[in-house]
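Coordinate inspection notes
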Amino acid sequence: KPARELHNLIRGLSPFPGAFFEADWGQGITRVKVLRSVLAPGSGSLGSDVPGTVLDDTLTIGTGSGALRLIEVQRAGKGPVSAAEFLRGAGLTPGKSLL
């Protein structure tokens with residue numbers, strides 16, 4: 001889906017029931033709820049060929065058309081955290097794919 005459509009989906013479903021993605025960073029597959037996002041700068045040309053791929057170290061994710069920067073997320077059973085805090089423990093580096 002395009003970045004704008006995903007951003008609107010996240011806004012519409014937050015905080016409940018929530019928009020989710022799954023990721024595997026070596027400890028099994030973990031479900032992560034996305035609470036806030038923004039369209040990535042230059043979203044019109046960025047990421048259109050890598051849907052679901054982490055594009056940079058600020059948790060920008062490629063979509064079907066453009067890119068989306070995740071601002072606040074929540075791992076299953078944990079509290080909400082900023083993307084920066086999430087990335088410190090998640091091990092999602094640029095080039096990895098979300099499930």
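This report concerns the structure included in the present document.

Take the packing of aromatic side chains next. Using the criterion set out here, one finds one aromatic pair in the structure. With a centroid separation of 6.5 Å and an interplanar angle of 85 degrees, the aromatic rings of Phe21 and Phe86 are classed as edge-to-face. Residue Phe21 is located in strand β1 (residues 19-24), and its partner Phe86 is located in helix α2 (residues 83-90); the two are separated by 65 residues in the primary sequence. Phe86 matches Phe21 in its accessibility class, with the two residues each being buried. Over the face of the ring belonging to Phe20 we find Arg31, whose NZ or CZ atom lies 3.9 Å from the ring centre.

The next thing to look at is the pattern of salt bridges. Scanning the model with the defined rule gives three salt bridges in all. In this structure, Lys1 and Glu5 form a salt bridge, with 3.9 Å as the shortest nitrogen-oxygen distance. With a relative accessible area of 59%, Lys1 lands in the exposed category.

Among the structural elements, Thr60 can be located in strand β3 (residues 60-62). We classify Thr60 as buried; its relative accessible area is 0%. Of the polar contacts made by the side chain of Thr60, one reaches the side chain of Asp56; its length is 3.1 Å. Of the polar contacts made by the side chain of Thr60, one reaches the side chain of Arg69; its length is 3.0 Å.

So, how was this worked out
- Residues numbered from 1 in each chain as written.
- Predicted model: local features only at pLDDT ≥ 70, side-chain atom pairs only at ≥ 80, totals over all residues.
- Heavy atoms only, no water.
- Phe/Tyr/Trp six-rings, centres within 6.5 Å; stacked < 30°, edge-to-face > 60°.
- Helix = DSSP H or I, 4+ residues; strand = E, 2+ residues; numbered from the N terminus.
- Buried < 20%, exposed > 50% of the residue type's maximum accessible area, 1.4 Å probe, protein only.
- Lys NZ or Arg CZ within 6 Å of the ring centre and 35° of its normal.
- Salt bridge = Lys/Arg side-chain N within 4 Å of Asp/Glu carboxyl O.
- Polar contact = N/O pair within 3.5 Å; in protein donor to acceptor, adjacent residues only side chain to side chain.

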